[in-house]
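Listed below, chain by chain, are the residues.
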Amino acid sequence: MSADILFTVCNVAVLPGWILLIVAPRWKWTHALVVTALLPVLLGLVYMALIAANLGAINGLLRLADIAQFFENPYCLLAGWVHYLAFDLFVGGWQVRDSQRSGVPHWVVVPCLILTLMLGPTGLVCYFAARAVVTRRLTVAAPAAVQGVSI
């Protein structure tokens, strides 16, 4: 499959997850597909396959020039993009789960989710700031009532 087609497939594959996080955060299918990390894991498998198939393109990754050369290969560039898609969706799922546990209203989380989709770390910082304002805590840990709950 060409890198362009796989790029489109991966981009389209994450959209339902983001839509579910935004419009139906408590729905069982949102939990099943996104909050449990099923979609991010599937993207992670695509990432792993892309990296494994292109190990020969790695000439070192310690210098910026090495990374630039690595990303000249369209499949390696695609792997980098899928890395972002998987991690950003995982973070969005975590934000929804954490907000539900912490009592952060979903309408406060939605702008953070959109920023996470578009600008990754900016959305995460926005969520932490919003969470701190709503809960009046700066901690990242879950509330005491849910600590020790295994997922």
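Residue numbering note: each chain is counted from 1, following its sequence as written. Only residues with pLDDT of at least 70 get local features here, since the model is predicted, and only at 80 or more are side-chain atom pairs given and counted; chain-wide, interface and lining totals rely on the full set of residues. The basis for every side-chain value is the complete set of heavy atoms in the structure, and neither hydrogens nor water enter the calculation.

Draft legend 1. Region of the structure containing the packing of helix α5 (residues 74-102) against helix α7 (residues 121-135). The contact between α5 and α7 brings their axes to 11 Å, and the two run at 0°. By the angle class used here, α5 and α7 are roughly parallel. Contact with α5, carried on its side by Val91, Trp94, Gln95, Asp98, Ser99 and Ser102, involves Gly123, Leu124, Tyr127, Phe128, Arg131 and Thr135 of α7 and no other residues of that element. Nonpolar residues are Ala, Val, Leu, Ile, Met, Phe, Trp, Tyr, Cys and Pro. Charged residues are Asp, Glu, Lys and Arg, and all others, Gly as well, are polar. By residue class, the composition of the contact of α5 with α7 is five nonpolar, five polar and two charged. Axes, fitted as lines to C-alpha atoms, cover a helix only where it is in contact. Angles between the N-to-C directions of the axes lie from 0 to 180 degrees. Numbering of helices and strands runs from the N terminus, with a helix taken as a DSSP run of H or I at least four residues long and a strand as a DSSP run of E at least two residues long. Angle categories are assigned with fixed cut-offs, so that under 35 degrees is roughly parallel, over 145 is roughly antiparallel, 65 to 115 is roughly perpendicular, and the rest are oblique. In this description, contact between two residues means that some pair of their heavy atoms is separated by no more than 4.5 Å.

Draft legend 2. Representation of the confidence of the model for the chain. Confidence along the chain averages 89 in pLDDT terms, with 92% of residues attaining 70 or more. The least confident element of the chain, judged by mean pLDDT, is helix α2 (residues 28-35) at 86; the most confident is helix α6 (residues 106-119) at 97. The predictor attaches a confidence to each residue, and that confidence, scored 0 to 100, is pLDDT.

Draft legend 3. A look at the packing of aromatic side chains. Pairing of aromatic rings covers Phe, Tyr and Trp, the last through its six-membered ring, and needs centres within 6.5 Å; plane angles under 30 degrees mean stacked, over 60 mean edge-to-face, and all others mean tilted. The tally for this structure, following the rule as stated, stands at six aromatic pairs. Members of the aromatic cluster, each reached through a chain of ring pairs, are Phe7, Trp81 and Tyr84.

Draft legend 4. Structural detail: the side chain of Thr30. Tracing the backbone shows Thr30 in helix α2. Setting aside chain neighbours within four positions, we find Thr30 in contact with Leu20, Leu21, Ala24, Pro25 and Val35.

Draft legend 5. Fine view of the packing of α6 against α7. The geometry of α6 relative to α7 is characterised by a closest axis approach of 6 Å and an angle of 160° between their N-to-C directions. Overall, the two elements α6 and α7 adopt an arrangement that is roughly antiparallel. Once α6 is placed against α7, the crossing between them reads as left-handed. Listed contacts from α7 to Val108, Val109, Cys112, Leu115, Thr116 and Leu119 of α6 are Pro121, Thr122, Gly123, Leu124, Cys126, Tyr127, Ala130 and Val134. Of the residues belonging to the contact of α6 with α7, the class tally is eleven nonpolar, three polar and no charged. Should the near helix be turned anticlockwise from the far one by less than a right angle, the crossing is termed left-handed; should it be turned clockwise, right-handed.

Draft legend 6. Seen up close, unusual backbone geometry. A positive phi angle, close to 80°, is found at Ala37, a residue other than glycine. Secondary-structure assignment places Ala37 in the loop between α2 and α3 (38-53). When accessible area is computed with a 1.4 Å probe and restricted to protein chains, residues below 20% of their type maximum are described as buried, those above 50% as exposed, and intermediate ones as partly exposed. The exposure class assigned to Ala37 is buried, which follows from its relative accessible area of 9%. Positive phi, normally seen in glycine, also occurs at Arg136, with a value near 60°. Summarising the element assignment, Arg136 is placed in the segment after α7. Since its relative accessible area comes to 75%, Arg136 is described here as exposed.

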